[in-house]
Amino acid sequence: MRSRSTGVLTSAVLAFAVGYVLWPPGYVYWTRVADVLGEPLTLALVALLAAVGGAVATLRLAVPLADLVAGSVLAYAVGMALLESVITADSPVHFLLYGGLVLWYWLGATVAAVGRSSRDDRAVSSGRPE
């Protein structure tokens, strides 16, 4: 059984990595995608990928939802502190952007956790092992 601090740390590292890969500071490759697909569709794609990251964390790595939330809050705080110390931003839009990514990450994790829970409940009620 994994300790809570290990789950939070694992989730923090994963959430930080998802945020960095989806929207790397200083080099946002999505601008080229937005030129082709348009900005709204591109942002929807990024949000969907963040939700997939949260779902994968919940399903494949078996990170409990509470640990995932705590870890992603930690990753957000560390990431924003790093960004503020490295990049002089003209506006605080990066706080909103990465906050949005965290929310979509949570949404994907929550949907996966609810789906896993209902699947487990059906398996228990039918008497079949999952």
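Residues numbered from 1 in each chain as written. Predicted model: local features only at pLDDT ≥ 70, side-chain atom pairs only at ≥ 80, totals over all residues. Heavy atoms only, no water.

Considering the overall build of the chain
Helix and strand counts for the chain stand at five helices and zero strands. The order of helices and strands in the chain, counted from the N terminus, is α-α-α-α-α. In the chain, which comprises 130 residues, the share counted as buried stands at 32%. Partitioning the intrachain contacts of the chain with sequence separation of at least 6 by distance along the chain shows that 74% fall at a separation of at least 24. In the structure as shown, the chain presents an accessible area of about 8100 Å², 70% of it carried by carbon and sulfur atoms. (Helix = DSSP H or I, 4+ residues; strand = E, 2+ residues; numbered from the N terminus. Buried < 20%, exposed > 50% of the residue type's maximum accessible area, 1.4 Å probe, protein only. Contact = heavy atoms within 4.5 Å. Areas by Shrake-Rupley, 256 points an atom, 1.4 Å probe, with all protein chains shown as cover.)

Some remarks on the side chain of D67
Among the structural elements, D67 can be located in helix α4 (residues 65–86). Apart from residues lying up to four places away in sequence, D67 is in contact with R4, G7, V8 and S11.

Regarding the packing of helix α1 (residues 4–22) against α4
The geometry of α1 relative to α4 is characterised by a closest axis approach of 7 Å and an angle of 50° between their N-to-C directions. It follows from the interaxial angle that α1 and α4 lie oblique. Here the hand of the crossing between α1 and α4 comes out right-handed. When α1 is examined against α4, the residues R4, G7, V8, S11, A12, A15 and F16 are found in contact with a partner set consisting of A66, D67, L68, A70, G71, S72, L74, A75, G79 and L82. Residue composition of the contact of α1 with α4, by class: 10 nonpolar, five polar and two charged. (Axes fitted to C-alpha atoms, helices over the stretch in contact; angles between N-to-C directions. Parallel < 35°, antiparallel > 145°, perpendicular 65-115°, else oblique. Left-handed = near helix turned anticlockwise from the far one by under 90°. Nonpolar A, V, L, I, M, F, W, Y, C, P; charged D, E, K, R; others polar.)

What to know about the UniProt feature "transmembrane region" (unreviewed entry) in the chain
What UniProt calls "transmembrane region" (unreviewed entry) maps, in this numbering, to residues 7–23, 43–61, 68–89 and 95–115. Within the segment residues 7–23, helix and strand shares are 94% and 0% respectively, and the terminal C-alpha atoms sit 24 Å apart. (UniProt positions renumbered as here; feature names shortened; annotations may be inferred.)

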